[in-house]
Amino acid sequence: LRSDTDLSWKSTRVESVADKNRADAVVHLEVGGKDFPFLAEFKLKPTADLIETLSHRATLKNHPWLLVTPSLSERFVELCRKFGVACLDLNGRVWIRRGTVLVDRSPPANREPIVAASPEPDLFSAKSSRVARAFLSPRPSWTQAELATVAGISRPLLSRLLETLTRQGFVRREGSKRGGQWTVAQPDALMDEWARRDIWSRRVVVHQYSILVPSLEPAARQLLTAVGSSGLAFTQWFAAQLRHPYTETTVLSAYVESLPSPNVLKSLNAREVASGGRLWLIRPQDDGVFQFTQTVDGLPLVSDAQIYLDLLQTGLRGPDAADALRRWEGFRR
């Protein structure tokens, strides 16, 4: 355990690991001349279940538990906060609450990060996010074979994603390993984590167009007729308004696999502009955004989870519309 000018760590003795209620070590934190002992649990790959278990596990001599791991994700730090379990990693990330003492530190910016020998997959990369989208769809459960088919990713990557999603407490497996079903255990937490790590500008290219129409719905139907439903799905304010009316929108936005031809744009009286356009045609980095589309009043919309994500990082009261959609009892149903 590294020490610095503010925090001083030392390990006084190693405990037997034969008894699961015994610690791997007794670790002392010295802050401001005061000594704070902890029972340390060393884990290369902690799980959400472990953190909850530590919060209920009996302690020796009233020493609270401290989770020590090579690298802590924000997800695990949030779980430690929730269950009151102190944690630190080898990069310098620390969260501890002990009486009136609170330590909440991020890793130093100038330190070379320590990573696990086999780093976890990014749950929300372009292709990997297809699995998260499946678990946030209305469908309650999936077999691994079904997930592989719908996500269109390799079995080895899917296995790694499911292992990570399970360790972080987002999903759970029910039944046998071969024939079991995978279900989402914490949909709100999964949605929050995806939103926290999503970067809109990195996953889309937006083309804005000026259109002279009094109402967006006729323009949407005209676009659908001209382009076809294959490779077209409406999102953001317009889609949210159709799912759960919140406020009038002045922008019509849709994902498209390819931009319409000049003749189609001409038929829509659409002229490309740098900003301020009322029509947004969005080219996605990954076609997974077309997964789990839904139809409302004959118009194809992306999934509720995708609408929510697409609204969060845009203006025009997008975050307000996202919040209203998510608080609606019909969200994801």
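Here's a quick rundown of the structure. (Residues numbered from 1 in each chain as written. Predicted model: local features only at pLDDT ≥ 70, side-chain atom pairs only at ≥ 80, totals over all residues. Heavy atoms only, no water.)

Once that is clear, we can look at the pairing of strand S13 (residues 252-256). The element S13 is extensively covered by neighbouring structure, given that five of its five residues are classed as buried. Bridge analysis of strand S12 (residues 232-235) against S13 gives four bridges, and the strand direction is antiparallel. Paired with Leu-232 across the two strands is Val-256, which belongs to S13. Pairing between S13 and strand S15 (residues 279-284): four bridges, direction parallel. Bridge pairing in S15 links Ala-254 to Leu-281. (Buried < 20%, exposed > 50% of the residue type's maximum accessible area, 1.4 Å probe, protein only. Helix = DSSP H or I, 4+ residues; strand = E, 2+ residues; numbered from the N terminus. Pairing = 2+ DSSP bridges.)

Strand pairing in a sheet relies on backbone hydrogen bonds. The paired strands run either parallel or antiparallel. The strand order S8-S10-S9 describes an open sheet built from three strands, whose pairing is antiparallel. In the strand order of this sheet, the two ends are held by strand S8 (141-142) and strand S9 (171-174), each with one partner. Pairing geometry for S9 and strand S10 (residues 181-184), over four bridges, is antiparallel. For Glu-174, the partnering residue across the bridge sits in S10 and is Gln-181.

What follows concerns the pattern of salt bridges. Two side chains with opposite charge may pair up if their charged atoms get near one another. Considering all chains together, one arrives at 19 salt bridges under this definition. Residues Glu-146 and Arg-139 are paired through a salt bridge, measuring 2.7 Å at the closest nitrogen-oxygen approach. The exposure class assigned to Glu-146 is partly exposed, which follows from its relative accessible area of 31%. On the basis of relative accessible area, Arg-139 is assigned to the partly exposed category, the value being 36%. Between Arg-196 and Glu-193 there is a salt bridge whose closest N-O contact spans 2.9 Å. A residue pair is termed a helical-turn pair when its members lie 3 or 4 positions apart in one helix, as Arg-196 and Glu-193 do in helix H6 (residues 187-197) at three residues. Residue Arg-196 is classed as partly exposed on the basis of its relative accessible area of 42%. One network of salt bridges, with partners in common, ties together Glu-74, Arg-81, Arg-93 and Asp-104. (Salt bridge = Lys/Arg side-chain N within 4 Å of Asp/Glu carboxyl O.)

This part covers helix H4 (residues 144-151). For H4, every residue scored as buried is listed here: Leu-147, Ala-148 and Ala-151. All buried residues of H4 fall inside an arc of 100 degrees around its axis, so they share one side. Of the surrounding elements, those touching the buried residues of H4 are helix H3 (129-135), S8, helix H5 (155-167) and S10. Just past H4, the residue Gly-152 takes up positive phi, approximately 65 degrees. (Arc of directions from axis to C-beta. Contact = heavy atoms within 4.5 Å.)

The first and last C-alpha atoms of helix H8 (residues 216-227) sit 16 Å apart over 12 residues, in line with the 16 Å expected at 1.5 Å per residue. Where the residues of H8 are buried, they touch S12, helix H9 (236-243), S13, S15 and strand S17 (299-301). In the segment just after H8, Gly-228 is the residue with positive phi, at about 95 degrees. (Expected span 1.5 Å × (residues − 1).)

What the rule picks out here adds up to six aromatic pairs. Geometrically, the ring pair formed by Phe-234 and Phe-238 is edge-to-face, given 5.5 Å between the ring centres and 65 degrees between the ring planes. Judged by relative accessible area, Phe-234 falls into the buried class, the value being 0%. Geometrically, the ring pair formed by Tyr-255 and Phe-290 is edge-to-face, given 6.4 Å between the ring centres and 75 degrees between the ring planes. Residue Tyr-255 is located in strand S13, and its partner Phe-290 is located in the loop between S15 and strand S16 (294-296); the two are separated by 35 residues in the primary sequence. Across the pair, Phe-290 and Tyr-255 agree in class, each one buried. Between Arg-57 and the ring centre of Trp-65, over which it is positioned, the NZ or CZ distance is 5.1 Å. Of note, Arg-98 hangs over the ring of Phe-38, and the distance from its end group to the ring centre comes to 5.3 Å. (Phe/Tyr/Trp six-rings, centres within 6.5 Å; stacked < 30°, edge-to-face > 60°. Lys NZ or Arg CZ within 6 Å of the ring centre and 35° of its normal.)

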